[in-house]
Amino acid sequence: MDKGRINESAPYAVEMRHITKVFPGIVANDDITLQLRRGEIHALLGENGAGKSTLMSVLFGLYQPEGGEIYKDGEKVTINDPNDANALGIGMVHQHFKLVDVFTVLDNIILGTEPSTLGFLRKKEARKKVMRLSEEYGLNVDPDALVEDITVGMQQRTEILKMLYRDNEILIFDEPTAVLTPQEITELMGIIRGLAAEGKSILFISHKLNEIMEIADRCTVLRKGKYVGTVNISETSKEELSSMMVGRGVKFAVDKDEAKPADTILSIEHLSVKSRIHKKLAVKDVSLEVRSGEIVCIAGIDGNGQSEFVGALSGLEKCEPGSRIVLNGEDVTKKSIRYKNTHGVSHIPEDRHKHGLILDYTLEQNMVLQRYFEPRFQHGGFIKFDEVRGYAEGLIDKYDVRSGQGPLTPARGMSGGNQQKAIIARELDRDHDLLIAVQPTRGLDVGAIEFVHEQIVASRDSGSAVLLVSLELEEVMNLSDRILVMYEGEIVGEFDPKKTTVQELGLYMAGAKRQNGAEGGEAE
Amino acid sequence: MIFLLQKTLIFTIPLLIVALAGMYAERSGIINIALDGIMIFGAFSGALCALLLRRTPFFVDHNQLTFVIAMAVAAVSGALFSLLLSFSAIKLKADQTIGGTALNMLAPAIALFFIKVFFFKDQLEMVPAANSEGKVVDFGYVIQNKDMNPVLSIFFDKAYISTFIALAIFILLSVLIYKTKTGLRLRACGEHPQAAASVGIEVNRMRYLGTTVSGALAGFGGYVYIATVANGQATGAVAGMGFLALAIMIFGNWKPLGIALGALFFGFLKCLGVIYDQLSVTINGKEIYFLKELNLPMYFYNLIPYVAVLLVLAFTSKRSRAPKAEGIPYDKGMR
């Protein structure tokens, strides 16, 4: 790595000293110090809820800290709002992009710092500057496209251009890779290196260790709102970072025994599903079986029919005529969602906010969403609140769901990892023969991922059939007993994880190869 | 034909301005369902102002000036009245539809109350206006020219001064929202206030601006409506023009050009309901009042614009795209 670009003798580009930020009931940042050198890529690592975002919001002027000081180039500064931060050359790419969908890329870039004469926009001038920056840093964007029409990758490049347009020197990236495809991630890494080479100082927030090891010079680790330490990446390892982050050793490989597939639980015959968006077939004539005691994984690039496929299984989408879904020998194609739920299907949905939880309900209400009508929880139509409370407390205990007010916490106020734990607790605690888990570890940190994987394996070992849909190849390789690759709504290959490689799977996922008669057949 | 177009223009102008009023509020993120109420309030204050001014001899002989001042007063009072909505919606984060409905109920009550208490009547009448010699003059007409070229006469015969002012304002504000810094920022606040805030824009300030402009326009529109369409009478109602304008705004997809088309279309229908029995064609030297001869009840024609609203909205609602953040109180902490 090109260490020459980092100026170690000059004062820190940004130094946050002893920052403390308290929210009602929680100390989000407790005496945290962060020192960013000029030209450095500095990673900020921590689990969900460790206080990374809070710290960056303090730096960006969104929150005022209760204690501590911020220094810019050795001088003490106060940052009261994003305008102050901008004036100091601090810019941020937020995890959820702050872009206006119906504006063009150009309008989004200039918004807030528009060049104008008597209030009238001087767009030509702005466009020139954007195009120059775009070329200089290799940030390919179409300035006249509407944001809603462009890819996530281009949206992110728009966000980066927003910072460059404002001549920001300190660039904060908040979990920038969470929404990108592997190719886009590679591209982003190149861009970030380029920015650092130009002398920009970069704060890179992440909980993905591989990325940090790949790109960062130094890494500051936070845990539960506290400062754990700052290490040079060249002198550390993934294992050390993860134990700093979680506070204990973490296993990266999933511990599991050989699968012992037994009876067929789920059998899908000729399933076709139409897409809601373009009304064409999103799933085309898929047939497969899942047996008890095995984890079957559907791998594929996002948008190849996985969502529609799972939607049809759970009952959220309609199947085309001729499709048949058989559960435990019974045709459930036309059965209601509740019927499936009460007859052995548990489902960890892809979008936990949309389909997993009612965000404005409390944790305990969410815990009994599929069970409130059982005699155990109601009598004559009246909910037995004590029973619900007790049940929820039991689950919270067993699955270590952490929240501010226990069973009474609104789901919206919980961290992503704990929301997911709550869903897993609810789904796994119900009697189930089939577990459908869709991207169960999306957006979770290593500690939580380990937990989710353990639970899924435990479910398998207790005799469930598990159908896993995942976009993360590492997870696919680690967790599954059998891999099916889905490409454009079809199963194009079946693999044994022990006998295949990520590269081979990638070829099938991209549609470059397919097995003949792959559907339902065993691959050799 | 010329007569029909002239009349259509007169009906179009208040709809155009009030629909633009709705657009300004909603583009900034505030649903302004109170357009109707603000119109009523503006109409009342405008008429009141005109009547009070006429007590001074100077203004009795300067009809146009009276007209314009009353118009300005209507706009200002509309803007002030709309502060009730923006304060409840922005500062108190109240539900905007309910706040707007409250204004809609409040406005006619206030107007009628004061009319009854101070004038012992059910309405304020601005016309007929007489000058100091007792001669009745047309109130608000800038130009009266019967011998004009027929095409020009659409705009310039029996034309109200408010028509030109309204058109100028419409063009000015349409340009403002698309070509200026303020316009860009205002639109950002209606779509994604968090994004706007992250680049240092004061969302609440922009929303106050949008609603206040909206209130001024609606008050102005209300006055124009009673002065040009409703025979100069301010009562506690504007015949649902505010709601019609809302529908036009939706039909126009929250864009000035669409709003202009919608206002013209509904202005035409609305006008048809009033003048259907005066429309004639000349065939073989004989004038035929073709709509009158159909012998349909008057109510049928009065009904047309409102039925058209239902139909048009039913068919266009699929492609309509409201500002994404409208109706949602801005919360700094939300992402």
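This is a predicted model, so every value here is computed, not measured.

1. Considering the overall build of chain A
When you go through chain A residue by residue, the secondary structure sums to 17 helices and 24 strands. Computed over C-alpha atoms, the radius of gyration of chain A comes to 25 Å, within 12% of the 24 Å expected from 2.2 N^0.38 for 524 residues, which places it in the range of a compact globule. With the C-alpha coordinates aligned to their principal axes, the bounding extent of chain A is approximately 70 × 55 × 50 Å. In chain A, buried positions account for 54% of the 524 residues. A separation threshold of at least 6 residues defines the contact pool for chain A, and within that pool the share at least 24 residues apart is 68%. Carbon and sulfur atoms form 49% of the exposed surface of chain A, whose accessible area is close to 22900 Å².

2. As for the overall build of chain B
Each helix and strand in chain B was counted, giving 14 helices and eight strands. Its C-alpha atoms give chain B a radius of gyration of 21 Å, near enough to 20 Å, the size a compact globule of 335 residues would have. Along the first, second and third principal axes, the C-alpha set of chain B runs to 70 × 50 × 35 Å. In chain B, which comprises 335 residues, the proportion classed as buried is 52%. For chain B, long-range pairs separated by at least 24 residues make up 75% of all intrachain contacts whose partners lie at least 6 apart in sequence. Accessible area for chain B stands at about 15200 Å²; split by element, carbon and sulfur atoms hold 68% of it. Charged side chains of chain B number 27 positive and 17 negative; the gap between the two group centres comes to 11 Å.

3. A short note on the packing of aromatic side chains
Taken as a whole, this structure holds 15 aromatic pairs over all chains when the rule is applied. Ring centres 5.2 Å apart and planes at 80° place the aromatic pair B:F113 and B:F114 in the edge-to-face group. Between the aromatic rings of B:F300 and B:Y301, the centroid separation amounts to 5.4 Å while the plane-to-plane angle is 85°, which identifies the pairing as edge-to-face. By relative accessible area, which is 40% here, B:F300 ends up partly exposed. Take B:Y301: its relative accessible area is 3%, and that puts it in the buried class. Of the aromatic side chains, those joined through ring pairs into one cluster are B:F44, B:F113, B:F114 and B:F118. Its guanidinium or amino end placed over the ring of A:Y71, A:R17 lies 3.9 Å from that ring's centre, counting from NZ or CZ.

4. A look at the packing of helix α11 (residues 241-251) of chain B against helix α12 (residues 256-275) of chain B
Any two packed helices are characterised by how steeply their axes cross, that is the angle between the axes, and by the distance between the axes. Residues and elements named next belong to chain B. Between α11 and α12, the shortest axis-to-axis distance is 8 Å and the interhelical angle comes to 135°. If you check the angle between α11 and α12, you find them oblique. In the crossing of α11 with α12, the sense of the turn from one axis to the other is right-handed. On the side of α11, the interface is formed by M241, L244, I248, M249 and F251, while α12 contributes G258, I259, L261, G262, A263, F266 and K270. Looking at the contact of α11 with α12, its residues break down into nine nonpolar, two polar and one charged.

5. Here we look at the interface of chain A and chain B
Taken together, the contacts link 27 residues of chain A with 23 residues of chain B. Interface area, chain A with chain B, both sides summed: about 2000 Å², of which 61% is carbon and sulfur. For the pair chain A and chain B, the number of links is two salt bridges. The partner of B:R185 in a salt bridge is A:E114, with the nearest N and O atoms 2.8 Å apart. Joining chain A to chain B, the criterion identifies six residue pairs in polar contact (both at pLDDT 80 or more). Every element with two or more residues in the side of chain A that touches chain B is listed here: α2 (82-87), α3 (105-110) and β8 (120-121) of chain A.

6. Details of the nonpolar core
Nonpolar side chains in soluble globular proteins tend to end up buried together. Membership of the largest hydrophobic core comes to 154 residues, with the highest contact counts inside it found for A:I160, A:F173 and B:Y223. Top element by residues in this core is helix α1 (residues 2-27) of chain B. It accounts for 13 residues. Ignoring sequence-local partners within four residues, the contact set of A:F173 consists of A:V93, A:I160, A:M163, A:I192, A:L195, A:I202, A:L203, A:F204 and A:I205. A:I396, A:I423, A:L468 and A:M509 belong to the second-largest nonpolar core, a separate cluster that totals 45 residues.

7. Remarks on a nonpolar patch on the surface
A surface patch of nonpolar side chains, about 430 Å² in accessible area, is lined by A:L118, A:F120, B:I171 and B:V175. Structurally, A:L118 can be placed in the loop between β7 (116-117) and β8. What makes A:L118 exposed here is its relative accessible area of 83%.

8. With respect to the environment of B:L244
All names here are of chain B. With respect to the helices, strands and loops of the structure, L244 is situated in helix α11. A residue is classified by how much of its surface remains accessible, and L244, at 3% relative accessible area, is buried. Sequence-wise, L244 and V18 are 226 residues apart; in three dimensions their C-alpha atoms are separated by 9.2 Å. With near-sequence residues (within four places) excluded, L244 lies in contact with L15, F266, K270, P305, Y306 and V309.

9. Here's the deal with the sheet that holds strand β23 (residues 482-487) of chain A
All names here are of chain A. Taken in spatial order, the six strands line up as β18-β21-β22-β15-β23-β24 in an open sheet, and their pairing is mixed. On the outer flanks of this sheet lie β18 (345-348) and β24 (490-495), each paired with one strand and no other. Between one strand axis and the next, the sheet turns through 20° on average, direction left out of account. Two elements, β23 and β24, share five bridges in a ladder whose sense is antiparallel. Residue pairing across strands places I483 opposite F495, the latter belonging to β24. Relative to the sheet, helix α14 (residues 416-429) contacts β18 and β21 (434-438), its axis offset from that of β18 by approximately 175°.

10. Considering the packing of α12(B) against helix α14 (residues 298-316) of chain B
Residue and element names in this part refer to chain B. Orientation of α12 relative to α14, taken along the N-to-C sense of each, is 155°, at an axis distance of 6 Å. Relative to α14, the element α12 is oriented roughly antiparallel. Taken as a pair, α12 and α14 cross one another with a handedness that is right-handed. Listed contacts from α14 to F265, F266, L269, K270, L272 and G273 of α12 are Y301, N302, I304, P305, Y306, A308, V309 and V312. Taken together, the residues of the contact of α12 with α14 break down into eleven nonpolar, two polar and one charged.

11. So, the pairing of β23(A)
Side-chain direction in a regular strand flips from residue to residue, so the side chains alternate between the two faces of the sheet. All names here are of chain A. When you tally the buried positions in β23, you get five out of six residues, the bulk of the element. Pairing of strand β15 (residues 295-299) with β23, which is carried by four bridges, proceeds in the parallel orientation. Paired with C297 across the two strands is I483, which belongs to β23.

12. Focus: the sheet that holds strand β16 (residues 324-327) of chain A
Residue and element names in this part refer to chain A. One open sheet accounts for four strands, arranged β14-β13-β16-β17; its pairing is antiparallel. A single partner strand is all that each edge strand has here, and the edge strands are β14 (281-291) and β17 (330-331). Bridging between strand β13 (residues 264-274) and β14 involves seven bridges; their strand directions are antiparallel. Along β14, the bridge assignment pairs L266 with V290. Contacting β13, β14 and β16, helix α9 (residues 306-314) runs over the sheet at an angle of about 120° to β13.

13. As for the confidence of the model for chain B
Taken as a whole, chain B shows an average pLDDT of 88; of its residues, 97% reach a score of 70 or greater. Two summary scores accompany this predicted model of the complex, namely pTM at 0.78 and ipTM at 0.87.

14. Considerations on the environment of A:L121
With respect to the helices and strands, the residue A:L121 is situated in strand β8. Along the sequence, A:L121 and A:F495 sit 374 residues apart, while their C-alpha atoms lie 57 Å from each other. Not counting chain neighbours up to four residues away, the residues in contact with A:L121 comprise A:E114, A:P115, A:S116, B:Y178, B:K179, B:T180, B:K181 and B:L184.

15. Observations concerning empty space enclosed by the protein
Using the criterion set out here, one finds four cavities of 30 Å³ or more in the structure. One number sums up the size of the largest cavity: a volume of about 160 Å³. Along the wall of the largest cavity there are 16 residues; nearest its centre are A:F60, A:M92, A:R166, B:S198 and B:V199. Mapped onto the lining of the largest cavity, the elements with two or more residues apiece are α2, β6 (90-93) and α5 (152-165) of chain A. For the lining of the largest cavity, a count of residues per class yields six nonpolar, six polar and four charged. If you add up the space inside the second largest cavity, you get close to 60 Å³. Looking at the second largest cavity, the residues that line it are A:G153, A:Q156, A:R157, A:L180, A:E184, A:E187, A:L188 and A:I191.

Reading the values: rules and limits
Residues numbered from 1 in each chain as written. Chains lettered and ligands numbered in written order. Predicted model: local features only at pLDDT ≥ 70, side-chain atom pairs only at ≥ 80, totals over all residues. Heavy atoms only, no water. Helix = DSSP H or I, 4+ residues; strand = E, 2+ residues; numbered from the N terminus. Rg over C-alpha atoms; globule rule 2.2 N^0.38 Å. Buried < 20%, exposed > 50% of the residue type's maximum accessible area, 1.4 Å probe, protein only. Contact = heavy atoms within 4.5 Å. Areas by Shrake-Rupley, 256 points an atom, 1.4 Å probe, with all protein chains shown as cover. Lys, Arg positive; Asp, Glu negative; His and termini not counted. Charge placed at Lys NZ, Arg CZ, Asp CG, Glu CD. Phe/Tyr/Trp six-rings, centres within 6.5 Å; stacked < 30°, edge-to-face > 60°. Lys NZ or Arg CZ within 6 Å of the ring centre and 35° of its normal. Axes fitted to C-alpha atoms, helices over the stretch in contact; angles between N-to-C directions. Parallel < 35°, antiparallel > 145°, perpendicular 65-115°, else oblique. Left-handed = near helix turned anticlockwise from the far one by under 90°. Nonpolar A, V, L, I, M, F, W, Y, C, P; charged D, E, K, R; others polar. Buried area = accessible area lost by both parts, 1.4 Å probe. Salt bridge = Lys/Arg side-chain N within 4 Å of Asp/Glu carboxyl O. Polar contact = N/O pair within 3.5 Å; in protein donor to acceptor, adjacent residues only side chain to side chain. Core = buried A, V, L, I, M, F, W, Y, C linked by side-chain atoms within 4.5 Å. Patch = residues over 30% accessible without salt bridge, like charges linked within 9 Å, V, L, I, M, F, W, Y side chains within 5 Å. Pairing = 2+ DSSP bridges. pLDDT = per-residue confidence, 0-100. 1 Å grid on protein atoms, 1.4 Å probe; cavity = no way out; pocket = protein on both sides within 12 Å on 5 of 7 lines; lining within 4 Å. Points joined across faces, edges and corners; volume = space filled by probe spheres on them.

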